Amino acid sequence: MSIKSLAPRSDFPLLAGNPKLHYLDSAATTQKPQSVLDAISGYYERDNANPHRGAYTLSAAATEAYQTARDSIARFLGASDPDTLIFTRGTTESLNLIATAWGHANVKKGDRIVVTRLEHHANFVPWQQLALAVGADFKICELSSEGELDLTHLSELVTKNTKVVAFGHVSNALGNVNPVADIVAIAHRVGALTVCDGAQSAPHLNVGFDSLGVDAYAFSGHKMLGPMGSGGLIAKRDLLEAMPPYQMGGDMISMVGDGATTWNILPHKFEAGTPNVEGAVGLAAAVAYLEKLGMDNVHAHELALGRYASECLAAVEDVTVLGPPPERRGGLVTFTLRDVHPHDLSQLLDAENIAVRAGHHCAQPLMRALGVNATTRASFYVYNESSDVDALVRAVASVRDRFAVAP
Ligand code: PLP
């Protein structure tokens with residue numbers, strides 16, 4: 001089979017400079033196109049000043065660049081109200097923001113917090129710690145025997161005292177694409193807040209925040225061709241307006257009295273201090289690049305590579321592919337090779353210029369439930385093609401022949 005890359009490798013300086021590299025770790029972070037690098041350097045060459053604060057022309061240009069970026073990223077994610085997009089350092093900070101600011105104001109002793117077995121630590125630990133701090137009940141929705149979220153279990157867990165259901169849109173460890181509408185319906189039946197970790201969906205799907213139904217959605221720019229340290233939280237306006245601020249400082253205030261302070265309007269209330277303008281500008285260039293490719297094409301491309309990789313890897317003796325079937329997964333494949341530790345496997349693959357991730361994928365509660373310490377994960381993006389998969393499968397088969405212990 002031949003699947004051509006959706007985006008030319010030549011658009012990505014790192015890949016163009018490393019023609020032998022098979023980069024299969026885009027779920028961890030993506031490579032950056034030249035247009036993103038140009039947008040960042042162009043910002044510093046033309047527009048750099050501290051935004052919001054100066055009355056002079058250059059500061060106005062920086063403010064304009066920052067706001068324009070917000071508008072285009074909100075549009076890309078299907079949020080019609082750009083002021084409800086709060087820029088953060090990424091998914092982790094966004095989830096900490098809501099778990100801390102909303103959580104401490106709204107979750108009390110005896111309330112319940114529900115997460116799922118699939119969560120990345122970023123959407124697990126902040127809620128677990130909130131529960132411990134306030135004395136709330138912390139429950140985990142388990143997987144069905146088919147390896148998908150067990151919605152019957154979720155319905156049982158979501159009782160009247162449930163205040164929040166936090167879940168990932170797409171699992172970074174197994175690739176599950178979760179049924180957002182069903183989860184939201186179960187949570188909203190009891191008026192619970194829904195918080196969606198979109199780290200692995202914003203780069204790969206048409207998110208459509210306004211119709212997704214969730215109350216809050218977190219994402220990371222570096223996983224969608226943008227710069228590290230960029231990303232955000234999109235949430236419903238009434239939720240953000242009712243929530244206390246997360247961090248205090250410059251820009252987020254309206255008036256500071258000697259004894260009390262009032263807060264700025266959205267989005268500034270949640271963006272204390274000098275913002276990461278270069279991150280926002282770079283991420284806006286990244287979404288422009290993705291829009292040109294078309295998110296339906298991006299999704300279809302990754303699914304095709306994921307399916308091809310699953311089939312080819314499953315055909316290698318002693319390889320076990322984990323997770324739901326490829327048609328219900330995002331563009332990644334997670335697997336084990338009997339008797340070969342994933343860390344050893346990834347080092348052996350590295351010697352063949354194949355970059356994959358090995359470990360617990362920041363999902364230790366899931367690994368425990370699967371009964372494994374670690375897995376190997378190959379994840380695909382717009383610059384990958386079937387020759388990357390072929391190289392991976394050849395190398396895994398060769399490691400198997402050299403190192404797998406005979407039964
Ligand atoms: N959630 C998921 C599903 C992820 O895959 C990741 C990163 O791998 C994160 C959260 C954390 O993202 P970041 O490190 O960009 O904050």
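Residues numbered from 1 in each chain as written. Predicted model: local features only at pLDDT ≥ 70, side-chain atom pairs only at ≥ 80, totals over all residues. Heavy atoms only, no water.

(A) Molecular detail of the nonpolar core. Formed by 70 residues in total, the largest nonpolar core has its most connected members in I73, V165, V214, Y217, F219 and M224. Broken down by element, this core gets its largest block of residues, 11 residues, from helix α10 (residues 277–293). Split by domain, the residues of this core number at least three in each of domain 1 (9–31 + 295–403) and domain 2 (37–291). Beyond its immediate chain neighbours, meaning those up to four positions away, I73 contacts L85, F87, F219, A280, L283, A284 and V287. The next biggest cluster of nonpolar side chains, apart from the first, holds 31 residues, and it includes A136, V164, L193 and A235. (Core = buried A, V, L, I, M, F, W, Y, C linked by side-chain atoms within 4.5 Å. Buried < 20%, exposed > 50% of the residue type's maximum accessible area, 1.4 Å probe, protein only. Helix = DSSP H or I, 4+ residues; strand = E, 2+ residues; numbered from the N terminus. Domains from an automatic or database assignment. Contact = heavy atoms within 4.5 Å.)

(B) Expanded view of the domain arrangement of the protein. Structurally, the protein comprises domain 1 (9–31 + 295–403) and domain 2 (37–291). In this complex, domain 1 contributes 35 residues to the contact, which on the side of domain 2 involves 33 residues. Here domain 1 packs against domain 2, burying approximately 2,700 Å² in sum over the two surfaces, 57% of which is carbon and sulfur. Per-residue buried area on domain 1 facing domain 2 is highest for M295, P365 and L366; these three make up 23% of the total on that side. Connecting domain 1 to domain 2 are 1 salt bridge. Counting across the interface, domain 1 meets domain 2 through 20 residue pairs in polar contact (both at pLDDT 80 or more). Put simply, the parts of the chain that give the side of domain 1 that touches domain 2 at least two residues each are α11 (295–314), β12 (332–337) and α13 (364–370). Counting residues per element, the side of domain 1 that touches domain 2 draws most heavily on α13, at 6 residues. A breakdown of the residues in the side of domain 1 that touches domain 2 according to their chemical character gives 19 nonpolar, 10 polar and 6 charged. (Buried area = accessible area lost by both parts, 1.4 Å probe. Salt bridge = Lys/Arg side-chain N within 4 Å of Asp/Glu carboxyl O. Polar contact = N/O pair within 3.5 Å; in protein donor to acceptor, adjacent residues only side chain to side chain. Nonpolar A, V, L, I, M, F, W, Y, C, P; charged D, E, K, R; others polar.)

(C) Looking closely at the sheet that holds strand β15 (residues 375–379). Strand order in the open sheet made by the 4 strands is β11-β12-β15-β14, with antiparallel pairing throughout. Each edge of the open sheet carries a strand with a single partner, namely β11 (319–322) and β14 (357–359). Geometrically, the sheet is characterised by an average inter-axis angle of 30° between neighbouring strands, direction not taken into account. Both β11 and β12 contribute to a ladder of 4 bridges, which runs antiparallel. In the sheet register, T320 faces β12, and the bridge partner there is T336. Here helix α14 (residues 386–403) sits on the sheet in contact with β11, β12 and β15, set at roughly 10° to β12. (Pairing = 2+ DSSP bridges. Axes fitted to C-alpha atoms, helices over the stretch in contact; angles between N-to-C directions.)

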